[in-house]
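Residues per chain, in single letters:
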Amino acid sequence: MSSITERYDVPEQHFWLHGPHSGPQVEFDAEMGMWNVYGHPESHDVFSDTTTFSSDTMRVIPKSLMPGSDEFSLEGFLTQLDPPQHGKLRKLVTSAFTRRVVADLEPRIAALTNELIDAAHDRGRMELVTDLAYPLPVIVIAELLGVPSSDRALFKKWADALFKRDAKISLTKSAAEQAVDMEATLKPWKEMSDYLAGHAAERRRQPRADLLSRLVEAEVDGDRLPDGQVVNFAIILLLAGHITTTMLLGNTVLCLDAFPEQQDKVRADRSSIPAVIEESLRYLTPFAAIGRSTTRETELGGVTIPADQLLMLWLGAANRDPREFADPFTFDPGRDPNPHLGFGRGIHFCLGAPLARLEGRVALNILLDRYDRLQTDPDDPAQLLPTPTMTGVLRLPLL
Ligand code: HEM
């Protein structure tokens, strides 16, 4: 159907990459116990109505399905908050994580990209994920937060434990299956919280010029963030700050390998790099699915959904909705506009989008400078993550 599925072994569960969606745009999945939303306008409707569609998905997941969940708090977990709490916290963290803070990182991102490519050359061949796409964003976010980037093996261990499982999210799993899943989540979560709480406490005693210090000191209406919320926000940044950008970098190179004529175009006109990044986010959407819950009975896409239901918005599918995008299975950076939902929409629009875009732009520009051709190795083909809700490469050896 597309060059990507023809060329690479795209997992079956990434159904939206295998062909146009047929069937209803909104449907109940009895096996999973939740509603799937595939369409672009329907997803847009959900993002726009935060009263009916809450980001607090935990409220509809029965406690019995989450044994041990009391042990970790999602207090102040920005992605799970609704108005008015969301607005206040978002303002507070935005005051610490400003566009200026991000823009100032450009020279450091460029220097790191060159260092990482040099190191890969010294070792022989480049495996894009291990050598660049993973370490670059992790080092950047660790330095920004002010935690030692040399601890990144730890961050990887936690992120892998939380994200790399190929388990499907389901409300119909047995209690025993659910307990195993929870255990796999709780342990790394606790370790990560304790680690960041230690660093945050240190910054309260002795602030430095880093984001953790700005977070502990930030104030809105005279209020500061309680410790638990500083830690939870640092967790979001540490996780969101690398997993997703790793996928973005790998996916963009994969697209330029699969569509060589687009690689020629961007080589000839580097000003089109931002458009390539946006089209990569549409074509291979890193966060392919995100959750919401209904607070009341509602109608979506002509279907009635009862109150207190879990919804999965399949952003990967919405980004290929032919009602919104002409030739959705063609990788075309020339789309203008390109209203993809890769960073979400509305009040929860990705707070890290400027950083992800900057890292993508700087790294791609340098890769194009340093490689005459960005090309995958046919004898050692790229491997995609099996995680059903994520689209990203696990390995990407370059020729
Ligand atoms: C929110 C995607 C990079 C921090 C989101 C959302 C999406 C997303 C889809 C909306 C979630 C929702 O509505 O429920 C991505 C992608 C990235 C990326 C595809 C890379 C290509 C980053 C980075 C950071 C970050 C680098 C931070 C350093 C956040 C935060 C939120 C968020 C804090 C929550 C915002 C809120 O709830 O108000 N991201 N993200 N993201 N992202 Fe990103």
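For the structure, see preceding data.
Note that the structure is a prediction, hence the values are computed from the model and not measured.

*Asks:* When you look at the packing of aromatic side chains in this model, what are you seeing that I'm missing?
*Replies:* The geometry of an aromatic ring pair comes down to the distance between the two centres and the angle between the two planes. As enumerated under the stated definition, the model contains 13 aromatic pairs in all. Seen from their ring centres, F28 and W35 are 5.1 Å apart, and the 55° between their planes marks the pair as tilted. According to the relative accessible area criterion, F28 is partly exposed, its value standing at 41%. One aromatic cluster in this structure is built from F15, W16, Y38 and W314.

*Asks:* For this particular structure, what's the right way to read the sheet that holds strand β6 (residues 290-294)?
*Replies:* Sheet strands line up and pair through hydrogen bonds in the backbone, either parallel or antiparallel. If you trace the five strands from one edge of the open sheet to the other, you get β1-β2-β9-β6-β3, paired in mixed fashion. Only two strands of the sheet have a single partner each, and these edge strands are β1 (26-29) and β3 (53-54). Here β6 runs beside strand β9 (residues 310-313); their pairing, made up of four bridges, is antiparallel. Within the sheet, the bridge partner assigned to R292 lies in β9 and is L311.

*Asks:* Before we go on, may I ask you to explain the site of the ligand in this structure?
*Replies:* Residues in close proximity to the ligand total 30 residues, the closest being H86, R90, R292, H348 and C350. Within the side chain of R90, a nitrogen or oxygen atom sits 2.7 Å from an oxygen atom of the ligand. Interatomic distance of 2.6 Å between a side-chain N/O atom of H348 and an oxygen atom of the ligand. Contributions of two or more residues to the shell around the ligand are made by α3 (85-96), α11 (227-258), β6 and α15 (353-370).

*Asks:* Mind showing me how you'd approach the environment of D380 here?
*Replies:* Locating D380 in the fold gives a position in the loop between α15 and β10 (383-384). Residues D380 and L396, 16 residues apart in the sequence, show an inter-C-alpha distance of 8.4 Å. Once residues lying within four places of it in the same chain are set aside, the contact partners of D380 are R125, R395 and P397. A polar contact of 3.1 Å, which involves the side chain of D380, links it to the side chain of R395.

The rules we used
- Residues numbered from 1 in each chain as written.
- Predicted model: local features only at pLDDT ≥ 70, side-chain atom pairs only at ≥ 80, totals over all residues.
- Heavy atoms only, no water.
- Phe/Tyr/Trp six-rings, centres within 6.5 Å; stacked < 30°, edge-to-face > 60°.
- Buried < 20%, exposed > 50% of the residue type's maximum accessible area, 1.4 Å probe, protein only.
- Pairing = 2+ DSSP bridges.
- Helix = DSSP H or I, 4+ residues; strand = E, 2+ residues; numbered from the N terminus.
- Near = heavy atom within 4 Å.
- Polar contact = N/O pair within 3.5 Å; in protein donor to acceptor, adjacent residues only side chain to side chain.
- Contact = heavy atoms within 4.5 Å.

None of this, on its own, says anything about what the molecule does.
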